[in-house]
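Read off the chains here:
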Amino acid sequence: MNIVMFGPPGAGKGSVSAFLVGEFSYPHIAAGDIIREESRKPQNKVRAYMEKGELVPDTVIMQLVGSRLRQPDCREGFILDGFPRTIVQAEFLERQRIPIDIVINLEVDEDAIVDRLSGRRMDPKTGQIYNLNTMELPEGVDREKLVQRPDDKPEVIRKRIEVYKKQTSPVIEYYRERNVLLNIDGNPELGQVVGSVREALQKVRE
Ligand code: AMP
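Since the model is a prediction, treat every value here as computed from it, not as a measurement. (Residues numbered from 1 in each chain as written. Predicted model: local features only at pLDDT ≥ 70, side-chain atom pairs only at ≥ 80, totals over all residues. Heavy atoms only, no water.)

**Details of the nonpolar core**
One finds Leu69, Leu80, Phe83, Leu93 and Tyr175 to be the most contacted residues of the largest nonpolar core, which totals 31 residues. At the level of secondary structure, the elements contributing two or more residues to this core comprise strand E1 (2–6), helix H2 (31–39), helix H4 (58–69), strand E3 (78–81), helix H5 (87–95) and helix H8 (170–177). Ignoring any residue separated from it by four or fewer positions in sequence, one finds Leu93 in contact with Leu69, Leu80, Phe83, Pro84, Ile98, Ile100 and Tyr175. Counting 24 residues, the second largest nonpolar core, distinct from the first, contains Val16, Tyr26, Val194 and Val197. (Core = buried A, V, L, I, M, F, W, Y, C linked by side-chain atoms within 4.5 Å. Buried < 20%, exposed > 50% of the residue type's maximum accessible area, 1.4 Å probe, protein only. Helix = DSSP H or I, 4+ residues; strand = E, 2+ residues; numbered from the N terminus. Contact = heavy atoms within 4.5 Å.)

Here's what the structure looks like:
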C-alpha cells in the first residue's frame, strides 16, 4: 500500500510516519530529509530555496523522489512524507504510474503550527526531535545542546505557511477527487492523532 502523509509544516507528518513505519514496515521517504541531504553537497542548487522557506523546483525534487521510489524496498509500499507538494508533483506520480492508495491529510490550526515549529529542536547526536513549547525534555537531554532548523525561524515559518496555502493545499482537492483522501484532526496530542489515523486506516482496509 502506497501512503502519502500530507499537511502543513509542523502538522506532525514525521511523527505519524514513524507510527506507520512500525505498523506496516514500509520505508519512510521524507522529501525534506532528501533535500537536507542534497543541501549538504557542495554547489547544490537546493539550499537557498530551503533557507528561504520556498519549495525547491519541481524538476529537482521529482528527480530525487522519483529515483528513490523506484528502489526495490518500495515495491510492497511506502510512506511518502512531504511529497507531492504541488499539483505538478502529484501529476508526476500519476504519469510515472506510481499509484497512491491513501493520502492522510493532517489538519492543524495555524496558531498550533507556529507554536510547534518555533519550539522544534533536534538533538544533533541522535537526530531525535523535541518540542520546547509542547513537551518536557526527558532527563539527560541538555536543552543548550539542541539545535534549531534554520527554516524553523519565525520569518521563515511564516513564508512556509504561505507557500503551503498557495502551492500545496490545492493538492488536497486533487486527491479528494480521486477518493483517496483521509482527513485527520492533527490538533490533539500525538497519541490521539495516531489513534485517529489507526482507526481511519482500519476502516479503509475492511
Ligand atoms: P520539510 O522537512 O518537509 O519541511 O521540507 C524542508 C524543505 O525542503 C521545504 O521547505 C522545501 O524547501 C524542501 N522540500 C521538501 N519537500 C519538497 C517538495 N515536495 N517540493 C519542493 N520542495 C520541497
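**Notes on the sheet that holds E3**
On the basis of which strands lie adjacent, the open sheet formed by five strands has the order E2-E3-E1-E4-E7 and parallel pairing. A single partner strand is all that each edge strand has here, and the edge strands are strand E2 (28–30) and strand E7 (181–185). Strand after strand, the sheet turns through a mean of 20 degrees between neighbouring axes, direction not considered. Inspection of the sheet shows E1 paired to strand E4 (residues 102–107) by four bridges, in the parallel sense. For Val4, the partnering residue across the bridge sits in E4 and is Val103. Most of the contacts of helix H1 (residues 13–24) go to E1, to which it runs at about 160 degrees, and overall it touches E1, E2, E3 and E4. Contacts between helix H9 (residues 190–205) and the sheet are confined to E4 and E7, with E7 contributing the most and set at about 155 degrees to the helix. (Pairing = 2+ DSSP bridges. Axes fitted to C-alpha atoms, helices over the stretch in contact; angles between N-to-C directions.)

**Focus on the site of the ligand**
As a matter of local geometry, the ligand sits amid 16 residues, with Arg36, Glu54, Gly82, Arg85 and Gln89 nearest to it. Within the backbone of Gly82, a nitrogen or oxygen atom sits 2.9 Å from a nitrogen atom of the ligand. Here Gln89 contributes a side-chain N or O atom positioned 2.9 Å from a nitrogen atom of the ligand. Taking 490 Å² as the accessible area of the ligand by itself, protein coverage stands at 94%. The element contributing the most residues to the shell around the ligand is H2, with four residues. (Near = heavy atom within 4 Å. Polar contact = N/O pair within 3.5 Å; in protein donor to acceptor, adjacent residues only side chain to side chain. Areas by Shrake-Rupley, 256 points an atom, 1.4 Å probe, with all protein chains shown as cover.)

**Thoughts on the packing of aromatic side chains**
Across all of its chains, the model carries four aromatic pairs by this definition. For the ring pair Phe83 and Phe92, a centre distance of 6.4 Å and an interplane angle of 80 degrees mean the geometry is edge-to-face. Across the pair, Phe92 and Phe83 agree in class, each one buried. Measuring from ring centre to ring centre gives 5.2 Å for Tyr174 and Tyr175, while their planes differ by 85 degrees; the resulting arrangement is edge-to-face. (Phe/Tyr/Trp six-rings, centres within 6.5 Å; stacked < 30°, edge-to-face > 60°.)

**Here we look at a nonpolar patch on the surface**
Together, Met122, Ile129 and Val147 line one region of the surface with nonpolar side chains, adding up to about 210 Å² of accessible area. On the basis of relative accessible area, Val147 is assigned to the partly exposed category, the value being 34%. (Patch = residues over 30% accessible without salt bridge, like charges linked within 9 Å, V, L, I, M, F, W, Y side chains within 5 Å. Salt bridge = Lys/Arg side-chain N within 4 Å of Asp/Glu carboxyl O.)

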